[in-house]
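# Notes for the structure review
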Amino acid sequence: MSGAAAKTTADQGAVEQALAGLRRDFCRGLEERICRIETARVSLGTGAQGTAGALNVISAEAHRISGVAGSLGLASVGNMARDLETDVEGLPKGALPVARAAELDKQVERLLDLLEEHLEDD
Amino acid sequence: MRILAVDDEQIFCDLLKTRLKQLGHTQVKTVLSGPEALKIAAAEGNAVECFIVDIQMKPMDGIELVRHLRAIPHHQATPIIMLSALTDKSSIDSAFISGANDYITKPLDMVELKIRLEMARKILDERAHAQLMHEHLLKQEAILYPSADFDGEILLDEVDGAVSMLSMENFLLKQGSIRLRQSSAIGFHMVGAETYFEMLEPTYYATLIGDIAQAVSQSLSAFPHMLVCPGSGDIVALLIDESNVDLQSIRSNLEHQLETLRPRFTAVDMTLPEISIGEPVRTGLFGKNGPTTLVSRARRAGQAASRAGNNISFRAVA
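Conventions used here
Per chain, residues are indexed from 1 in the order of the written sequence. Written order determines the labels here, with chains lettered from A and ligands numbered from 1. In keeping with the predicted nature of the model, local features appear solely for residues at pLDDT of at least 70, side-chain atom pairs appear and are counted solely at 80 or more, and the whole-chain, interface and lining totals rest on all residues. Strands pair, by our definition, only if DSSP identifies at least two bridges between them. Every helix listed is a DSSP run of H or I at least four residues long, and every strand listed is a run of E at least two residues long, numbered separately from the N terminus. Where helices are involved, their axes are fitted lines through C-alpha atoms of the stretch in contact, as for all axes, and angles between N-to-C directions lie from 0 to 180°. We call two residues in contact when the distance between their C-beta atoms, placed using the backbone, is within 7 Å. Every angle not falling under 35 degrees, over 145, or within 65 to 115 is termed oblique; those three ranges are roughly parallel, roughly antiparallel and roughly perpendicular. Gly is put with the polar residues, along with every residue not named as nonpolar or charged; the nonpolar set is Ala, Val, Leu, Ile, Met, Phe, Trp, Tyr, Cys and Pro, and the charged set is Asp, Glu, Lys and Arg. Remark: C-beta atoms are placed from the backbone, and a residue is labelled buried if 20 or more other C-beta atoms sit within 10 Å of its own, exposed if 12 or fewer do, or partly exposed between those counts.

### Focus: the sheet that holds strand E1 (residues 3–6) of chain B
All names here are of chain B. One open sheet holds the five strands; their spatial order is E2-E1-E3-E4-E5, and the pairing between them is parallel. Each having just a single partner strand, strand E2 (28–31) and strand E5 (102–106) make up the two edges of the open sheet. Strand after strand, the sheet turns through a mean of 20° between neighbouring axes, direction not considered. The pairing of strand E4 (residues 80–85) with E5 spans five bridges and is classified as parallel. Residue pairing for E5: Ile81 is matched across the bridge by Asp102. Each of E1, strand E3 (50–54) and E4 is contacted by helix H3 (residues 62–71), which is oriented at about 155° to E3, the strand it contacts most.

### Things to note about the packing of H3(B) against helix H4 (residues 89–98) of chain B
All names here are of chain B. Contact geometry of H3 with H4 gives a least axis separation of 9 Å together with a crossing angle of 5°. Overall, the two elements H3 and H4 adopt an arrangement that is roughly parallel. Counting all contacts with H3, which are made through Gly62, Ile63, Val66, Arg67 and Arg70, the residues of H4 involved are Ser91, Ser94, Ala95 and Ser98. When the residues that make up the contact of H3 with H4 are grouped by side-chain class, the tally is three nonpolar, four polar and two charged.

### Some words on the pairing of E4(B)
Residue and element names in this part refer to chain B. Most of E4 sits out of view: six of its six residues are buried. Inspection of the sheet shows E3 paired to E4 by four bridges, in the parallel sense. Across the sheet, Asp54 pairs through a bridge with Leu83, a residue of E4.

Printed below as a string of structure tokens:
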């Protein structure tokens, strides 16, 4: 292997190592994110004001998770968070109809389950 | 290139730094908030050569940060690349209107990041060239030998909504064809611009165009818009998400705005220019015209209106 090629391989190795470290950090931080989403999820059915606040938290968390996870190569987490964010943004303002609230609750639960799986990756 | 990246996610900042390093950018600083970025931007003078700014941040979002950055004199022209999720379409428009030059979507894609940074480098080079030309002109003026490019772009840093041609083309290229169809471009032309150009020193000519562009911008204040001054006395406004514009009302707004310039012109005993307004142009859904031809087609429409004598002229002073 030439000197230049060896350096490129070493650089690539350093990048991969840095990315693996960041993925680990992300997984370590998932517990806090899960807690925030879970707390918001509980407030989903507590009237228009509680629901609005909860939706804001869920949307913001989903937004952040989607940006970071997708960029770290955790595509399934990124996509699911992005879909959740899009759906929450598309909801009408005010109290949610019971059926829609139940559907959203399931969607949030699916994301939480997936996040918990990655929590175990740490 | 010295880069300052702003994102409220520490992990994303670290990731961006890693990726930028991979692309050969080692002079990268990251901060977690708009206020921190502003402190660095203001304190370090010209040190930051490119900003990468996340749109969704709290308490100061990326759009507000761009507005503040553009208010710092030495960063009026520094390339700003926004970071956004695909769901942020409307925020992206606002970011461009506030002065951003480009955007990258999250999740981060290495190829896209590389291309966007090359674009930022191009803007930097263009600005450096413009600065050189400006200094060259000032020297020439000192020996009373005025010269400049009448057909060249004039960068209107202080006019609301003004962007460079490169930024506008970039914006147009990134719009989907259906969305682009909902926008329109209007060409404005200063009648007899070449005569003014020959008569005035280049900096005064640029000031004149800037005054008119500001009047145009104010006459369009009801619409989200961007402006460019591609040269030859033309100004092109892109009205975002406005396909049905009432040209008559724009015309009367512009008449009113131009009237406010009267005292400045009469004070220097100068004839006030006439402005023509072209018919709005749009892109066809299946047409052969690419999005960037909107600007040239709007220019032609503005010039055609001028030839047809469809001009706004200042009323004679009583």
